[in-house]
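# Structural overview for review
Letter by letter, the chains look like this.
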Amino acid sequence: MNEKEQLKKAISKIPRVKLVDLPTPLHDCPRFSEAVGGVRVLIKRDDMTGLAFGGNKSRQHEFILGDATAQGANAIIHGAASQSNYSRQLCAACAKLGLKAFIVGKRDLRSQMVGIQGNLLLDHILGADVRLAEDQSKAKKELFEELRKQGYVPYTTDQRKDIVFATVAYTNCALEIHDQLAQLDAKADYVVLCSTSGTQAGLALGGKVLNMGYRTIGFRPSKGGNNEDIISSIASLANEAAEILGLDIRVEEDELENYEDYVGEAYGIVTKEGLDALQLLARTEGILLDPVYVGKAMSGLIDWIRTGKIASGKTVIFVHTGGIPALFAYNKELIEHGGYKIRIAEEE
Ligand SMILES: *Cc1c(COP(=O)(O)O)cnc(C)c1O
């Protein structure tokens, strides 16, 4: 059995529910590549996983909800930022599987600024029980007990389990990339993405198992932690997943890169460069990015190409991890950045 078959077989042994349309496309972006100069950029379209505007979390939900349903759960509790992509994709997955989603979102600045908009609007449309809290962990515990009393079998998502499942899920994405590059008769030098954890870990592990020779470069969406610590946590995630999958290979820290250089002021606050990147990709390829995660990572890729950190002639796979609904929760910033105006035909 070759590495590919071995990896496929190992993944197939983990309990999993079917949620997403795989493989997601790998799109060549010639007009964008030309605009940024000299590097071939291919975009792995994980914004097209198919559930409620898609995103990287849907891949891991196949495993986390596989775990939950194997335990007989029928109510899923999750807490994150009010504009969480995870929460929105979870609500969609639960709707598809007939589970009840309970979202305990953070009562954060964005929820106060824009109310029920973007991802938070979709959570409601998707039928979840949505509430916001200052102390999410207390609220989740109380909800868990309340649901148990009501006769539900509740399941609270677990962050560690989640990111390990994300890692496993992204080794599968590496398998897809492997086949898609073969079809294009291309080889990737870099995989660039917005990540701090499982998504990068899985792509690094999968790439190594399949001997694809690319280097993963992650740009974080938030500040905090130094590069060494983050890289070390990504390596240990990859290696935990390797053990679960029964793979002999280990990912070393010096094979990984992860930076916070393009976050700007803070998580969830737009940067001019991120909005420029978002607008450039939209206008050259018709592909949308979000302002919180992927737009900022794309501004990193553009900067690396323009400053020669990624040399011309190289091939980059940029992984689009989703997040598009947040565009609507940031419409004010986008309008201001783009100078968009309502123009009245009769008045011109
Ligand atoms: C969650 C998220 C990420 C980060 O994924 P990790 O696997 O936690 O690194 C990146 N982009 C988007 C759009 C996300 O929602």
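Quick summary incoming for the structure in this document. What you see is a predicted model, and the numbers here were worked out from it, not measured in a lab. (Residues numbered from 1 in each chain as written. Predicted model: local features only at pLDDT ≥ 70, side-chain atom pairs only at ≥ 80, totals over all residues. Heavy atoms only, no water.)

### Comments concerning the overall build of the protein
A count of helices and strands for the protein gives 14 helices and 10 strands. For 348 residues, the compact-globule formula gives about 20 Å, and the C-alpha radius of gyration of the protein, at 20 Å, lands near that figure. Dimensions of the protein, computed from the C-alpha atoms along their principal axes, are close to 70 × 60 × 35 Å. Evaluated residue by residue, the protein yields a buried proportion of 53% over its 348 residues. For the protein, long-range pairs separated by at least 24 residues make up 80% of all intrachain contacts whose partners lie at least 6 apart in sequence. Counting every atom, the protein has about 15,200 Å² of accessible surface; 50% of that belongs to carbon and sulfur. Taking the average place of the 41 positive charges on the side chains of the protein and the average place of its 46 negative ones, the gap between the two points comes to 3 Å. (Helix = DSSP H or I, 4+ residues; strand = E, 2+ residues; numbered from the N terminus. Rg over C-alpha atoms; globule rule 2.2 N^0.38 Å. Buried < 20%, exposed > 50% of the residue type's maximum accessible area, 1.4 Å probe, protein only. Contact = heavy atoms within 4.5 Å. Areas by Shrake-Rupley, 256 points an atom, 1.4 Å probe, with all protein chains shown as cover. Lys, Arg positive; Asp, Glu negative; His and termini not counted. Charge placed at Lys NZ, Arg CZ, Asp CG, Glu CD.)

### Things to note about a nonpolar patch on the surface
A cluster of nonpolar side chains, namely I116, L121 and I125, defines an oily patch on the protein surface of about 280 Å² accessible area. The residue I116 is located in the loop between α5 (109-114) and α6 (118-125) in this model. (Patch = residues over 30% accessible without salt bridge, like charges linked within 9 Å, V, L, I, M, F, W, Y side chains within 5 Å. Salt bridge = Lys/Arg side-chain N within 4 Å of Asp/Glu carboxyl O.)

### Structural notes on the sheet that holds strand β4 (residues 100-106)
Ordered by their spatial adjacency, 4 strands build an open sheet running β5-β4-β3-β6, and the pairing between neighbours is parallel. Each edge of the open sheet is held by one strand with a lone partner, namely β5 (129-133) and β6 (154-156). Each neighbouring strand pair of the sheet contributes to a mean axis angle of 20°, computed without reference to strand direction. Here strand β3 (residues 75-78) pairs with β6 via 3 bridges, running parallel. Counted as the bridge partner of I77 is T156 from β6. Lying on the sheet, helix α7 (residues 136-149) is in contact with β3, β4, β5 and β6; it crosses β4 at an angle near 160°. (Pairing = 2+ DSSP bridges. Axes fitted to C-alpha atoms, helices over the stretch in contact; angles between N-to-C directions.)

### Observations regarding the packing of helix α8 (residues 159-184) against helix α9 (residues 198-209)
Taken N-terminus to C-terminus, the directions of α8 and α9 make an angle of 45°; their axes are 7 Å apart at the nearest point. As far as their axial angle goes, α9 and α8 are oblique. Judged by the sense of rotation from one axis to the other, the crossing of α8 with α9 is right-handed. Contacts between α8 and α9 involve I163, A166, T167, Y170, T171, C173, A174 and I177 from the former and G198, T199, A201, G202, L203, L205, G206 and G207 from the latter. Residue composition of the contact of α8 with α9, by class: 9 nonpolar, 7 polar and no charged. (Parallel < 35°, antiparallel > 145°, perpendicular 65-115°, else oblique. Left-handed = near helix turned anticlockwise from the far one by under 90°. Nonpolar A, V, L, I, M, F, W, Y, C, P; charged D, E, K, R; others polar.)

### Digging into the packing of aromatic side chains
Within the structure shown, the criterion is met by 7 aromatic pairs. Ring plane angle 85° and centroid distance 5.1 Å describe the contact between F219 and Y262, whose orientation is recorded as edge-to-face. With F219 in strand β8 (residues 215-219) and Y262 in the loop between β9 (256-259) and α11 (272-285), this residue pair connects regions lying 43 residues apart in the sequence. Relative accessible area serves as the criterion here: at 2%, F219 is assigned to the buried category. Its relative accessible area of 14% is what places Y262 among the buried residues. Taking 5.4 Å as the distance between ring centres and 55° as the angle between the ring planes, the aromatic pair formed by Y259 and W304 counts as tilted. (Phe/Tyr/Trp six-rings, centres within 6.5 Å; stacked < 30°, edge-to-face > 60°.)

### Overview of helix α10 (residues 227-244)
Spanning 18 residues, α10 covers 26 Å between terminal C-alpha atoms, matching the ideal 26 Å at 1.5 Å per step. Restricting attention to buried positions, one finds in α10 the residues I230, I231, I234, A235, L237, A238, N239, A241 and A242. In this structure, the buried residues of α10 make contact with α8, α9 and β9. The opening residue of α10, the one whose side-chain oxygen lies 3.2 Å from the backbone nitrogen of E228, is N226. One or two steps after α10, the chain reaches G246, where phi turns positive at roughly 65°. (Expected span 1.5 Å × (residues − 1). Polar contact = N/O pair within 3.5 Å; in protein donor to acceptor, adjacent residues only side chain to side chain.)

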